[in-house]
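# A closer look at the structure
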Amino acid sequence: MRGLSKFLPAAFLAMALALPAVAQAQQVGQPSPAAVASAKELLTLKNASGMFANAVPSIVERTKNTLLQSNLNYQKDLNEVALVVAKSLAGREKEIGDGMAKIYAGHFTEQELKDLVTFYKSPLGKKLIAQEPKAIEASMGYMNQWAQQFASVVNGEFRAEMRKRGKEI
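Report follows, based on the coordinates. (Residues numbered from 1 in each chain as written. Predicted model: local features only at pLDDT ≥ 70, side-chain atom pairs only at ≥ 80, totals over all residues. Heavy atoms only, no water.)

## Observations regarding the side chain of K64
Looking at where K64 falls in the secondary structure, it is placed in helix α4 (residues 55-70). When residues no more than four places from it in sequence are discounted, the contact partners of K64 are L78, N79 and A82. (Helix = DSSP H or I, 4+ residues; strand = E, 2+ residues; numbered from the N terminus. Contact = heavy atoms within 4.5 Å.)

## A few points about the packing of helix α2 (residues 33-45) against helix α7 (residues 110-121)
α7 packs onto α2 with a crossing angle of 25° between their chain directions and a minimal axis gap of 9 Å. Judged by the inter-axis angle, α2 sits roughly parallel to α7. Between α2 and α7 lies a crossing of left-handed hand. Facing α2, whose interface residues are A34, A35, S38, A39, E41, L42 and L45, α7 presents E110, L113, K114, L116, V117, Y120 and K121. For the contact of α2 with α7, the residue count by class is 9 nonpolar, 1 polar and 4 charged. (Axes fitted to C-alpha atoms, helices over the stretch in contact; angles between N-to-C directions. Parallel < 35°, antiparallel > 145°, perpendicular 65-115°, else oblique. Left-handed = near helix turned anticlockwise from the far one by under 90°. Nonpolar A, V, L, I, M, F, W, Y, C, P; charged D, E, K, R; others polar.)

## Here's the deal with the packing of aromatic side chains
Inspection of every chain in the model, using the stated rule, returns 3 aromatic pairs. Centroid distance Y104 to F108: 6.0 Å. Interplanar angle 25°. Geometry classified as stacked. On the basis of relative accessibility, which here comes to 32%, the residue F108 falls in the partly exposed class. Residues F119 and Y120 carry aromatic rings whose centres are separated by 5.1 Å and whose planes lie at 70° to one another, so their mutual orientation is edge-to-face. Looking at F119, the relative accessible area reads 30%, which means it is partly exposed. Here Y120 falls in the buried class, since its relative accessible area comes to 10%. (Phe/Tyr/Trp six-rings, centres within 6.5 Å; stacked < 30°, edge-to-face > 60°. Buried < 20%, exposed > 50% of the residue type's maximum accessible area, 1.4 Å probe, protein only.)

## Focus on the environment of I96
On the secondary structure map, I96 appears in helix α6 (residues 94-107). Judged by its relative accessible area of 17%, I96 is buried. Considered as a pair, I96 and A55 are 41 residues apart in the sequence and their alpha carbons are 9.1 Å apart.

## Observations concerning the nonpolar core
Across soluble globular proteins, nonpolar side chains show a tendency to be buried alongside one another. M100, A105 and L113 are the most contacted members of the largest nonpolar core, which has 15 residues in total. Within the residue set of this core, elements represented by two or more residues are α2, α6 and α7. If near-sequence neighbours (up to four positions away) are discounted, L113 is found in contact with A35, S38, A39, L42, Y104, A105 and F108. (Core = buried A, V, L, I, M, F, W, Y, C linked by side-chain atoms within 4.5 Å.)

## What to know about the pattern of salt bridges
On inspection of all chains with the given rule, the structure shows 9 salt bridges. Between D98 and K40 there is a salt bridge, with its nearest N and O atoms 3.3 Å apart. Of this pair, D98 sits in helix α6 while K40 sits in helix α2; the two residues are 58 residues apart in sequence, bridging distant segments of the chain. Between E61 and K64 there is a salt bridge, with the nearest N and O atoms lying 3.1 Å from each other. Of this pair, E61 and K64 both sit in helix α4, 3 residues apart, roughly one helical turn. (Salt bridge = Lys/Arg side-chain N within 4 Å of Asp/Glu carboxyl O.)

Here you go:
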């Protein structure tokens, strides 16, 4: 799960964007408990909890650091309080998993979720789970490298067009 922490803010953004979908699903009708259970199994197979496992300590730390900016004289107290708060709120990240399961159950039928579970338990599904993070990481590296090289091309095009106008940049 190396490197997932940099995607944590994106995961929170995705969850925030998906919350209206949960509200809409609740208005249309709740997914069946069996669909939610299948969605939870699917998310477990995909190790989705790895994306948000450190959500509570991360948010506690971020809040403490924000409070420290305007309360430096309380650093010792805020450090101690952060430990108390983190301990008292430990496990709340489970709410994210429950919400995600409801979202999946709202977007897939119970049978589709069962089919996905079956797929992810298959040899190919297991390989996808194991290899996809590596493929995504390599793809991100490739995209960054491509973007840097392409930026040089774009820069060259800008300079050439400006030269045509008699302006060196």
